[in-house]
Amino acid sequence: MQRVLVIDDEAHIRHMMRLTLEAAGYEVGEAADGLQGLEMCGTGGVWDVVLLDQKMPGIDGIETLRRLRECAPGTRVIMVTAFASIELAVEAMKLGATDFVRKPMTPDILRHTVAAALANPPIATPMGRPARAARPQRPHIETVTMNGFHIVRT
């Protein structure tokens, strides 16, 4: 079962997201602010998707995203905000956000956005390198000899 963490300071928004996603078959966790969400990721919680509110008391969504990239680089993060701007979207995408959704959203938009995020492999980390799990692994071959011909990988 795929796991989704909702980080939002508005209890009724978290509740609506939980009901929508659980009905779609996801396991859902909730955090009331960025610090609680980071704690849930840092204590061994593995989340396939994080739905992250932008405006929250304490640390905001952008700072939470920055810290999430350090502790869970392969997690897909969808920014959720009622205060969308091009600058905010660009900054969030540079930090590795997978998508951006405006509040209020319909249950269909929420389900489709999470499904779309899960359909793609985790995106690159802010440094431009793929997350460790997404890096392609090449076999280690130094020299292969076949019928007297030598193939040497440089």
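Note: the structure precedes this text.
Residues numbered from 1 in each chain as written. Predicted model: local features only at pLDDT ≥ 70, side-chain atom pairs only at ≥ 80, totals over all residues. Heavy atoms only, no water.

Draft legend 1. Structural context of helix H1 (residues 11-23). In a regular helix each residue adds 1.5 Å, so 13 residues correspond to 18 Å; H1 covers 18 Å between its end C-alpha atoms and thus fits that length. Every buried residue belonging to H1 is among Ile13, Arg14, Met17, Thr20 and Leu21, and all of these are buried. Looking down the long axis of H1, one finds its buried residues gathered within 135° of arc, a one-sided arrangement. With respect to the buried face of H1, the exposed residues turned more than 90 degrees away are His12 and Ala23. In this fold, the buried residues of H1 make contact with strand S1 (3-7), strand S2 (27-31), strand S3 (49-53), strand S4 (76-81) and helix H5 (107-119). Following H1 by one or two positions, Gly25 has its phi on the positive side, about 100°. (Helix = DSSP H or I, 4+ residues; strand = E, 2+ residues; numbered from the N terminus. Expected span 1.5 Å × (residues − 1). Buried < 20%, exposed > 50% of the residue type's maximum accessible area, 1.4 Å probe, protein only. Arc of directions from axis to C-beta. Contact = heavy atoms within 4.5 Å.)

Draft legend 2. Local environment of the nonpolar core. Counting residues in each nonpolar core, the largest one holds 20 residues, and the members touching the most others are Val50, Leu52, Leu65 and Met79. Counting residues per element, this core draws most heavily on helix H3 (residues 61-71), at three residues. Among all residues touching Leu65, those that are not within four sequence positions of it are Leu52, Val77, Met79, Ala92, Leu95 and Ala97. Residues Val6, Leu21, Val101 and Leu118 belong to the second largest nonpolar core, which totals 17 residues. (Core = buried A, V, L, I, M, F, W, Y, C linked by side-chain atoms within 4.5 Å.)

Draft legend 3. Here's a closer look at the environment of Arg67. Among the secondary structure elements, Arg67 is positioned in helix H3. The spatial distance from the C-alpha of Arg67 to the C-alpha of Leu95 is 9.8 Å, given a sequence separation of 28 residues. Once you skip the residues sitting within four places of it in the chain, Arg67 turns out to touch Leu35, Leu38 and Ile59.

Draft legend 4. Representation of the sheet that holds S1. The strand order across the open sheet formed by five strands is S2-S1-S3-S4-S5, and the pairing between neighbours is parallel. Here the strands that pair on one side only, and so sit at the sheet edges, are S2 and strand S5 (99-102). Looking at each pair of strands side by side, their axes are set apart by 20° on average, direction ignored. Here S4 runs beside S5; their pairing, made up of four bridges, is parallel. When the bridges of S5 are listed, Val80 appears paired with Val101. (Pairing = 2+ DSSP bridges. Axes fitted to C-alpha atoms, helices over the stretch in contact; angles between N-to-C directions.)

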